[in-house]
Amino acid sequence: MSKEVLCGVDIGGTKLSIGLVHADGKLADSITMHDHVGKEPDQIVAQTVEGIHSLLAKNSLSADNLRGIGVGTAGHLRYRDGILITMSNLRGFEGYPLRERLQQSFDAPVAVDNDANAQAFGEFKYGSGIGFENMIFMTLSTQIGSGIVLDGRLFRGMTGTAGEIGHTIVEPSTDLTCPCGNRGCLIAVASGVALPHVSRRKAASGIPSKLVGGEGFDYSTVTGELILKGIRAADPLCISIVEDFADYIGIACYNVFQIFNPQAIVLGGGLMSWGDIFFDKITARFRSLAGSMMYEDVAVRKASVGRHSGVIGAASLALEDA
Ligand SMILES: [Zn+2]
């Protein structure tokens, strides 16, 4: 292994992953823990520091070999200060100076950002964004986020929360409500969070399904995986949901195209497992809306960093100022 490695830390609501990443973006080694849930922020930082040291030792390295540490978090933060504003599913992080606390244990520079920005920069450095200077990454999953790379750097806005595309409103006339409280956000109509509500309505409207609906059916069990099963079984209700979601996400792609005129839009996240039936409809909708207003082709690509994109993306944050 090269003497100089990056460390990526992905602090999520259900898992805490730490990875050592080579300069070329290849994952050298990683660990994932779940027992951070319920702990205090200081304890989670201590667990992270210990995890980094044990991973380094296991690979015959020390903290002297670290070029930088990047942290992606499932929350909002004040980027310049490295202070958390919110953190999904983990308590006590409001106002917590995460970057400063981690930096106290390391000489290598520590960068902290939200996980969508981390994944965006990972795609920019090591994945489908290679070769572009301007790129929008969207993660389509339980929720929807994005990362905006402009002229080779992440654009974060005033506070650090720029790119919350999941809360842009694409359907104001719906009564489907987002966890933020607004109606018609992209998350409310086209994310994992929306699946139980959307599938209930589809079933009530009489669209047939062998997987969803019927006497006593628990709609909270409708997940991305169930929809994938439905796609494979050519289930009309599931396919109808995929088409609706793709329609809204195509609109979101069109909106970012008009705002940023990026060279590329990269789509990642769990819902992308739905495959080409989903991806092709998104791109078709986007291209039909853009029409003759697209003077140079915008590449729409699937994310390619893969299942370790959380830690690899986090590690890539250490390269932003390099
Ligand atoms: Zn919202």
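As the structure is a computational prediction, the values presented were derived from the model and not from experiment.

(A) Molecular detail of the packing of helix α6 (residues 224–232) against helix α7 (residues 236–260). Where α6 meets α7, the closest approach of the two axes is 8 Å, and the angle between their N-to-C directions is 115 degrees. By the angle between their directions, the pair α6 and α7 is classed as roughly perpendicular. As α6 runs across α7, the sense of the crossing is left-handed. Contacts between α6 and α7 involve L226, I227, G230 and I231 from the first element and C238, I239, I241 and V242 from the second. Considering only residue class, the contact of α6 with α7 consists of seven nonpolar, one polar and no charged.

(B) Region of interest: the nonpolar core. Judged by nonpolar contacts, the single largest core of 52 residues is most densely connected at L140, F245, L267, W274, F278 and F286. When contributions to this core are tallied by element, the ones reaching two or more residues are β8 (135–140), β9 (144–150), α4 (186–190), α5 (195–204), α6, α7, β11 (264–268) and α8 (276–290). The greatest single-element share of this core, amounting to 14 residues, is contributed by α7. Not counting the four nearest positions on each side in its chain, L267 is found in contact with M138, L140, C253, M272, F279, I282, V300, R301, K302 and A303. Core analysis: the next-biggest nonpolar cluster, separate from the first, contains 30 residues, V49, I69, L84 and L90 among them.

(C) Representation of the coordination of the zinc ion in the model. Protein coordination at the zinc ion comes from H167 (ND1), C178 (SG), C180 (SG) and C185 (SG), with a distance range of 2.1 to 2.4 Å. Bound by four donor atoms, the zinc ion shows angles of 101 to 131 degrees at the metal and therefore tetrahedral coordination geometry. Here the donor residues for the zinc ion map to a single chain with the spacing H-x10-C-x1-C-x4-C. Of the two residues, H167 sits in the loop between β10 (153–154) and α4 while C185 sits in the loop between β10 and α4, which places them 18 residues apart along the sequence. Judged by relative accessible area, which is 0%, C185 ranks as buried.

(D) Structural context of the packing of aromatic side chains. In this structure the tally under the stated criterion is seven aromatic pairs. Seen in terms of ring centroids, F245 and W274 are 5.7 Å apart; in terms of plane orientation they differ by 40 degrees. Their pairing is tilted. Of this pair, F245 sits in helix α7 while W274 sits in the loop between β11 and α8; the two residues are 29 residues apart in sequence, bridging distant segments of the chain. With a relative accessible area of 0%, F245 lands in the buried category.

What counts and how
- Per chain, residue numbering runs from 1 following the sequence as it is written.
- The predicted nature of this model means local features are confined to residues of pLDDT at least 70 and side-chain atom pairs, given and counted, to a pLDDT of 80 or more, with totals for whole chains, interfaces and linings taken over all residues.
- Note that water and hydrogens are dropped before the side-chain values are worked out from all heavy atoms of the structure.
- Here, axes are lines fitted to C-alpha atoms. For helices the fit covers the stretch in contact, and angles between N-to-C directions go from 0 to 180 degrees.
- Note on conventions: DSSP H or I runs of at least 4 residues are helices, E runs of at least 2 residues are strands, and numbering of each starts at the N terminus.
- For classification purposes, an angle smaller than 35 degrees is called roughly parallel, one larger than 145 roughly antiparallel, one from 65 to 115 roughly perpendicular, and anything else oblique.
- Handedness of a crossing is defined here by the sense of rotation of the near helix relative to the far one, left-handed for an anticlockwise turn of less than a right angle and right-handed for a clockwise turn.
- Any two residues having at least one pair of non-hydrogen atoms within 4.5 Å are treated as being in contact.
- Note on residue classes: Ala, Val, Leu, Ile, Met, Phe, Trp, Tyr, Cys and Pro are nonpolar, Asp, Glu, Lys and Arg are charged, and everything else, Gly too, is polar.
- Only buried residues count toward a nonpolar core. Its members are Ala, Val, Leu, Ile, Met, Phe, Trp, Tyr and Cys residues joined through side-chain atoms within 4.5 Å.
- Each residue is placed in one exposure class: buried if its accessible area under a 1.4 Å probe, protein chains only, is under 20% of its type's maximum, exposed if it is over 50%, and partly exposed if it falls in between.
- Distances up to 2.8 Å from the metal define which N, O and S atoms are donors, and 3.2 Å serves for Na, K and Ca; water is absent from the atom set, so sites may look incomplete.
- The geometry test gives tetrahedral to four donors whose angles all lie between 85 and 135 degrees, gives square planar to four donors and octahedral to six donors whose opposite members are over 155 degrees apart with all other angles between 65 and 115, and gives irregular to the rest.
- Any two of the Phe, Tyr and Trp rings considered here, Trp counted by its six-membered ring, make a pair once their centres fall within 6.5 Å; the pair's planes then place it as stacked at under 30 degrees, edge-to-face at over 60, or tilted in between.

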